[in-house]
Amino acid sequence: MVNYLFILGHKSHFGELMKYVIVYWSRYGNGKKIVDYLAKKLNEKSAETQIFKTDEADPAIMPGADLYVFSAPTEAFNIQKNMRKFMKNLQGMEEKKYGIINTHCMNKNWLQKMENLLSKKKMIKVAGVDFQIGKDAKTGNGLMEGWEAKLDEFVGKI
Ligand SMILES: Cc1cc2nc3c(=O)[nH]c(=O)nc-3n(C[C@H](O)[C@H](O)[C@H](O)COP(=O)(O)O)c2cc1C
C-alpha cells in the first residue's frame, strides 16, 4: 500500500491532487490537536487540505473536495451542538465522501449520531474514528497515548 501511494502520489480520479476539507469544533483543544495532526499527515501525502472551524465555513456552500472530514466532541450526550447544526444545514453534499472523528470522555462514542446526520444528506461514509479523552481534557492535553498511531490508521483509509 505504501509503495502504491509512493508511485501514484495521492491522486483523485481525475489525476489531480486529492483535496480534503476538514470541519471541526473543539472546546479545549483536544480535537483541534487531532485535526492539525490530520492536516499535516494529509499534506505529507501531498494532498491539498483546508481546515475550518464550524463558524468559518458556510454549510450551504461548501468548497469542493474529494473527501470531507468532520470532527467534534460529545457534549451533553450528543454531538456538540455547533457541529450538529452545521451538519443539519449542509446542502448539495449528495454522494460526497466523508470521514468522521469524535472525542468523548465517557466510555461510549457518538460516531453513529454523526453518521445518521450525514446519511440524511446522502453522503457516503469512508471511515470513522473516536478518541477517549482522559482527565486532562480541560488542559487540551487529554489525548491518550497512541492517539497518533490511531489517527495514522484513519489517514490510511481516507
Ligand atoms: C459541557 C460538556 C458536556 C460534556 N458531555 C459529555 C458527554 O455527555 N459524554 C462524554 O463522553 N463526554 C462529554 N464531555 C467531554 C467532552 O467530550 C470532552 O471535553 C471533549 O471531547 C474534549 O475535546 P475538545 O477539547 O476538542 O473539546 C462533555 C464536556 C463538556 C464541556
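Residues numbered from 1 in each chain as written. Predicted model: local features only at pLDDT ≥ 70, side-chain atom pairs only at ≥ 80, totals over all residues.

1. Describing the pairing of strand S4 (residues 97-104)
Of all 8 residues in S4, 7 are buried, a share of seventy percent or more. Strand direction decides the pairing type here: strand S3 (residues 67-73) and S4, joined by 7 bridges, are parallel. Across the sheet, residue Tyr 68 finds its bridge partner in S4, namely Tyr 98. Viewed along the sheet, the connection from S3 through helix H3 (residues 81-88) into S4 turns out right-handed. Of the pairings in the sheet, the one linking S4 to strand S5 (residues 124-132) comprises 8 bridges and is parallel in character. Its bridge partner lying in S5, Gly 99 is registered against Ala 127. With helix H4 (residues 111-119) bridging S4 and its parallel neighbour S5, the resulting β-α-β unit is right-handed. (Buried ≥ 20, exposed ≤ 12 C-beta atoms within 10 Å, placed from the backbone. Helix = DSSP H or I, 4+ residues; strand = E, 2+ residues; numbered from the N terminus. Pairing = 2+ DSSP bridges. Right-handed = clockwise from strand over helix to strand, strands pointing away.)

2. Thoughts on the environment of Val 23
As for its position among the elements, Val 23 is in strand S1 (residues 19-24). In this structure, the C-alpha to C-alpha distance between Val 23 and Ile 51, residues 28 residues apart in sequence, is 5.9 Å. Those residues in contact with Val 23 that lie beyond four places of it in its chain are Phe 52, Thr 54, Ala 57, Tyr 68, Phe 70 and Phe 86. (Contact = placed C-beta atoms within 7 Å.)

3. Comments concerning the site of the ligand
Close contacts around the ligand come from 18 residues, with Ser 26, Tyr 28, Gly 31, Pro 73 and Thr 103 the closest. Looking at the shell around the ligand, the elements with two or more residues in it are helix H2 (30-44) and S4. A class-by-class count of the residues in the shell around the ligand yields 8 nonpolar, 8 polar and 2 charged. (Near = placed C-beta within 6 Å. Nonpolar A, V, L, I, M, F, W, Y, C, P; charged D, E, K, R; others polar.)

4. Thoughts on H3
When we look at burial in H3, the residues that qualify are Met 83, Phe 86 and Met 87. Summarising the axial view, the buried residues of H3 lie within an arc of 95°, below the 170-degree limit, and thus occupy one face. Tucked into the core, H3 has its buried residues touching S1, S3 and H4. (Arc of directions from axis to C-beta.)

5. Thoughts on the environment of Lys 45
Relative to the elements of secondary structure, Lys 45 occurs in the loop between H2 and strand S2 (48-53). A sequence separation of 16 residues divides Lys 45 from Gly 29, and the C-alpha atoms of the two residues are 24 Å apart.

6. A word on the confidence of the model for the protein chain
Close inspection of predicted coordinates is inappropriate for parts of the model with low pLDDT. Within the protein chain, residue pLDDT values average 93, and 91% of them lie at 70 or more. Under a pLDDT of 50 for its full length, residues 1-7 has, in the predicted model, 2 contacts with residues more than four places off or in other chains. (pLDDT = per-residue confidence, 0-100.)

7. Things to note about unusual backbone geometry
For Ala 76, which is not glycine, the phi dihedral falls at a positive 55°. With respect to the helices and strands, Ala 76 occurs in the loop between S3 and H3. In this structure Ala 76 comes out as exposed when scored by C-beta crowding, with 7 C-beta atoms within 10 Å. A positive phi is found at Lys 122, a non-glycine position, where the angle reads about 60°.

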